[in-house]
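Report on the structure
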Amino acid sequence: GDTRSALGPGVETVWFDQPSELTDAVRSVAPDRVIHLHAVITTARDTAALASTVENNLLPSIGLMVACREMGVKRLILMGSGEEFAPVTGRFDDSSNANPPSPYGASKAAITCYAKMFWNTFQMPVAVLRPTLIYGPGQAPRMLIPQVMHALARNQPIPVTAGMQTRDFIHVE
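Predicted model only: the values in this text are computed from it and were never measured. Numbering of residues begins from 1 in every chain and follows the order in which that chain's sequence is written. Only residues with pLDDT of 70 or above have their local features reported here, since the model is predicted, and side-chain atom pairs are shown and tallied only from 80 upward, although totals for entire chains, interfaces and linings are computed over all residues. Side-chain calculation: all heavy atoms of the structure are included, whereas hydrogens and water are not.

A few points about the pattern of salt bridges
One side-chain nitrogen of Lys or Arg within 4 Å of one carboxyl oxygen of Asp or Glu is enough to make a salt bridge. Within this structure, the stated rule accounts for two salt bridges. A salt bridge links Arg45 to Glu83; its shortest N-O distance comes to 3.0 Å. On the criterion of sequence distance, the pair formed by Arg45 in the loop between strand 3 (33–36) and helix 2 (47–71) and Glu83 in the loop between strand 4 (75–79) and helix 3 (103–122) is long-range, its members being 38 residues apart. For each residue, the accessible area found with a 1.4 Å probe, counting protein chains only, is set against the maximum for its type, and the residue is called buried under 20%, exposed over 50%, and partly exposed in between. Residue Glu83 is classed as partly exposed on the basis of its relative accessible area, which comes to 23%. Notably, a salt bridge pairs Glu84 with Arg130, separated by 3.1 Å at the nearest N-O pair. Of this pair, Glu84 sits in the loop between strand 4 and helix 3 while Arg130 is found in the loop between strand 5 (126–129) and strand 6 (134–135), placing the two residues 46 residues apart along the sequence. Of the two residues, Glu84 and Arg130, neither departs from the other in class, the shared state being buried. Helical segments are the DSSP runs of H or I of at least four residues, strand segments are the runs of E of at least two, and each set is numbered from the N terminus.

Some remarks on the sheet that holds strand 5
Only strands joined by at least two bridges in the DSSP assignment are considered to pair. The strand order across the open sheet built from three strands is 3-4-5, with neighbouring strands paired in parallel fashion. The strands lining the two open edges of the sheet, one partner per strand, are strand 3 and strand 5. Within this sheet the neighbouring strands show an average axis-to-axis angle of 15 degrees, counted without direction. Sheet topology note: the strand 4/strand 5 ladder contains four bridges and is parallel. Within strand 5, the position partnered with Leu78 by the bridge is Val128. The axes used here are C-alpha line fits, helices contributing only the stretch in contact, and every angle between their N-to-C directions lies in the interval 0 to 180 degrees.

So, the packing of helix 2 against helix 3
In the contact formed by helix 2 and helix 3, the axes pass within 9 Å of each other and the chain directions differ by 20 degrees. Relative to helix 3, the element helix 2 lies roughly parallel. Like other packed secondary-structure pairs, helix 2 and helix 3 cross with a definite hand, here right-handed. Residues Ala49, Leu50, Thr53, Asn57, Leu58, Ser61, Ile62, Met65, Val66 and Arg69 of helix 2 form the contact with helix 3, whose own contacting residues are Pro103, Tyr104, Ser107, Ala110, Ile111, Tyr114, Ala115, Phe118 and Phe122. Across the contact of helix 2 with helix 3, the residue classes break down as 14 nonpolar, four polar and one charged. Working rule for angles: under 35 degrees goes down as roughly parallel, over 145 as roughly antiparallel, 65 to 115 as roughly perpendicular, anything else as oblique. Two helices cross in a left-handed way if the nearer one is turned anticlockwise from the farther one by less than a right angle. They cross in a right-handed way if the turn is clockwise. By definition in these notes, contact holds between two residues if any of their heavy atoms fall within 4.5 Å. In this classification, the charged set is Asp, Glu, Lys and Arg, the nonpolar set is Ala, Val, Leu, Ile, Met, Phe, Trp, Tyr, Cys and Pro, and all remaining amino acids, among them Gly, are polar.

Re the environment of Glu70
Along the chain, Glu70 falls in helix 2. Put simply, Glu70 and Arg27 are 43 residues apart on the chain and 8.9 Å apart in space, counted from C-alpha to C-alpha.

Focus on a nonpolar patch on the surface
Residues enter patches when their relative accessible area tops 30% and they take part in no salt bridge; the joining distance is 9 Å for like charges and 5 Å for the nonpolar side chains Val, Leu, Ile, Met, Phe, Trp and Tyr. Working definition of accessibility: Shrake-Rupley area with a 1.4 Å probe, residue cover restricted to the visible protein chains. Taken together, Leu144, Met149, Leu152, Ile158, Val160 and Phe169 make up a surface patch of nonpolar side chains, about 560 Å² in accessible area. Inspection of the secondary structure assignment puts Ile158 in the loop between helix 4 (144–153) and strand 7 (170–171).

Some words on the side chain of Ser61
Looking at where Ser61 falls in the secondary structure, it is placed in helix 2. A polar contact is formed between the side chain of Ser61 and the backbone oxygen of Asn57, at a distance of 2.7 Å. Setting aside anything within four residues of it in sequence, one finds Ser61 in contact with His36 and Ile111. Whenever a nitrogen or oxygen atom comes within 3.5 Å of another N or O atom, the pair is scored as a polar contact, on the condition that within protein one atom can donate a hydrogen and the other can accept it, and that pairs from neighbouring residues in sequence are kept only if both atoms are in side chains.

Describing helix 3
Any helix carries an expected span of 1.5 Å times its number of residues minus one. If you check helix 3, its first and last C-alpha atoms are 27 Å apart, about what 20 residues at 1.5 Å a residue would give, namely 28 Å. Taken residue by residue, helix 3 has Pro103, Tyr104, Gly105, Ser107, Lys108, Ala109, Ile111, Thr112, Ala115 and Phe118 as its buried positions. Buried residues along helix 3 sit in contact with helix 2, strand 4 and strand 5. Where helix 3 ends, the next residue or the one after it, Gln123, has phi of about 55 degrees, a positive value.

Pasting the structure below:
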């Protein structure tokens, strides 16, 4: 992995070329707190995506949870996804039932289930965040904000819903 300190003094950010590097790198850094941002995001709805999302999302996340438990981290924060749930028009929270419409969503729902199990069984301090509308430079063109911006630039109609969803808009540069 490549270490970059972009978050300020006392914060170490570790980047990985391969998900398999994750657990060993975390053990070598021995952090107090971990924010796990890794995921391979895909909109594929085919059987090829099943193996890919298990290999690239679920297994590295479980490996990280095991490593964090062994090291006794003070807090592990995982990124969940609204894709863990079927299309939702209102709020969703921990009492909402997972109903993933894709292999990616299923991998994120499984990670959330494992996080709950690590909390319940091992009392590991873990939290799952589900930011619902992150946007910024480099975002995939299929996402809402790039679609709207491209449509506006071309003076084309904007394909949106009735707007009944409740979402957070979070800009990341």
